[in-house]
Amino acid sequence: MPETKDLQIIAGSGEIYMMEYTGEIPEDDEIEVAANQYGYTKGGATLTYSMTSETIQDDLGHVTKIIYTEDTATFSFGLFSWCGKTLKMLCPTCRVTEATNKRTVKIGGIQNDDGKNYLVRFVHKDKVKGNVRITIVGKNTADLSMVFAPDDGTKLEPEFTATPMDNEGTKIIYEEEMNAA
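None of the values given here were measured: they were computed from a predicted structure. (Residues numbered from 1 in each chain as written. Predicted model: local features only at pLDDT ≥ 70, side-chain atom pairs only at ≥ 80, totals over all residues. Heavy atoms only, no water.)

Draft legend 1. Just the side chain of Asn140, in detail. Following the sequence through the fold, Asn140 ends up in strand E7 (residues 132–140). For Asn140, a relative accessible area of 12% corresponds to the buried category. Within polar-contact distance, the side chain of Asn140 engages the backbone nitrogen of Glu159 at 2.9 Å. Those residues in contact with Asn140 that lie beyond four places of it in its chain are Met89, Leu90, Pro158, Glu159 and Phe160. (Helix = DSSP H or I, 4+ residues; strand = E, 2+ residues; numbered from the N terminus. Buried < 20%, exposed > 50% of the residue type's maximum accessible area, 1.4 Å probe, protein only. Polar contact = N/O pair within 3.5 Å; in protein donor to acceptor, adjacent residues only side chain to side chain. Contact = heavy atoms within 4.5 Å.)

What follows is the structure in structure tokens.
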């Protein structure tokens, strides 16, 4: 059971950092830099972890065993500020080129799938209790949808599906700083 001093109410959103995954999780100060910050969130973020199970039972219902057969983790968020380079991490068929005063993003053609996984880091900042970090490695599996409305900003809503990031099958790293309150 957690100690009362460890309990906290987490309210608010956070910052999103993304970088190509190279096989290892870098230190916080390598991930959480301006070059890796891929926009600000709107509508927060949602981490979902689920397991699929199978129940095995004898014919009379006296003996039951539950076996977990699969686990999945997804992390979705709304990106409110972004640019064409952001699309490269959200759509594996994107090709981005830049010339003088112009960035061109070509999207599509399944043969253009780059096969890359990305490290996604969410940081919820709390000066009193300490920051909370969520790290996953995976790919965006949500559709790319851009709504250009006259009364609101165009928000991208990726959903990254996690892949194992180590030989233990870890799909989520949840870290909380434990500042003295």
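Draft legend 2. Structural view of the pattern of salt bridges. One pass over the full model with this rule turns up 12 salt bridges. The partner of Glu20 in a salt bridge is Lys116, with the nearest N and O atoms 3.4 Å apart. One end of the pair, Glu20, is in strand E1 (residues 15–20); the other, Lys116, is in the loop between strand E5 (102–106) and strand E6 (118–124), and 96 residues separate them in sequence. The class for Glu20 is partly exposed, based on a relative accessible area of 38%. Judged by its relative accessible area of 29%, Lys116 is partly exposed. Notably, a salt bridge pairs Glu98 with Arg103, separated by 2.9 Å at the nearest N-O pair. (Salt bridge = Lys/Arg side-chain N within 4 Å of Asp/Glu carboxyl O.)

Draft legend 3. A look at the state of the cysteines. Taken as a whole and assessed by the stated rule, the structure comprises zero disulfides. In this structure Cys91 is a free cysteine whose sulfur lies 3.8 Å from that of Cys94, the closest cysteine sulfur available. The exposure class of Cys94 is buried, given its relative accessible area of 1%. (Disulfide = S-S within 2.5 Å.)

Draft legend 4. Up close: the nonpolar core. Counting residues in hydrophobic clusters, the biggest one holds 20 residues, and the most contacted among them are Ile16, Met18, Phe75, Phe77, Leu79, Val120 and Phe160. Ranked by residues supplied to this core, first place goes to strand E3 (residues 64–79) with four residues. Filtering out sequence-adjacent residues up to four positions away, Leu79 remains in contact with Ile16, Met18, Tyr38, Gly39, Tyr40, Thr86, Leu90, Thr154, Lys155 and Leu156. (Core = buried A, V, L, I, M, F, W, Y, C linked by side-chain atoms within 4.5 Å.)

Draft legend 5. Broad picture of the environment of Gly78. If you trace the backbone, Gly78 turns up in strand E3. Note on Gly78: relative accessible area 3%, which makes it buried. On a C-alpha basis, the gap between Gly78 and Thr52 in space is 27 Å, while along the polypeptide they are 26 residues apart.

Draft legend 6. View of the pairing of E1. In terms of burial, E1 is a largely internal element, five of the six residues being buried. Pairing analysis gives two bridges linking E1 to strand E2 (residues 37–57), with the strands arranged antiparallel. Bridge assignment links Glu15 to a residue of E2, and that residue is Tyr40. The sheet contact formed by E1 and E6 spans six bridges and is antiparallel. (Pairing = 2+ DSSP bridges.)

Draft legend 7. Structural context of the confidence of the model for the protein. With 92% of its residues at a pLDDT of at least 70, the protein reaches an overall mean of 88. Summarising per-element confidence for the protein, the mean pLDDT is lowest in helix H2 (residues 84–90) (87) and highest in helix H1 (residues 28–31) (96). (pLDDT = per-residue confidence, 0-100.)

Draft legend 8. Main features of unusual backbone geometry. With phi around 60 degrees, Asn101 is a residue other than glycine that occupies positive phi space. Positionally, Asn101 belongs in the loop between strand E4 (95–99) and E5. For Asn101, a relative accessible area of 82% puts it in the exposed group.

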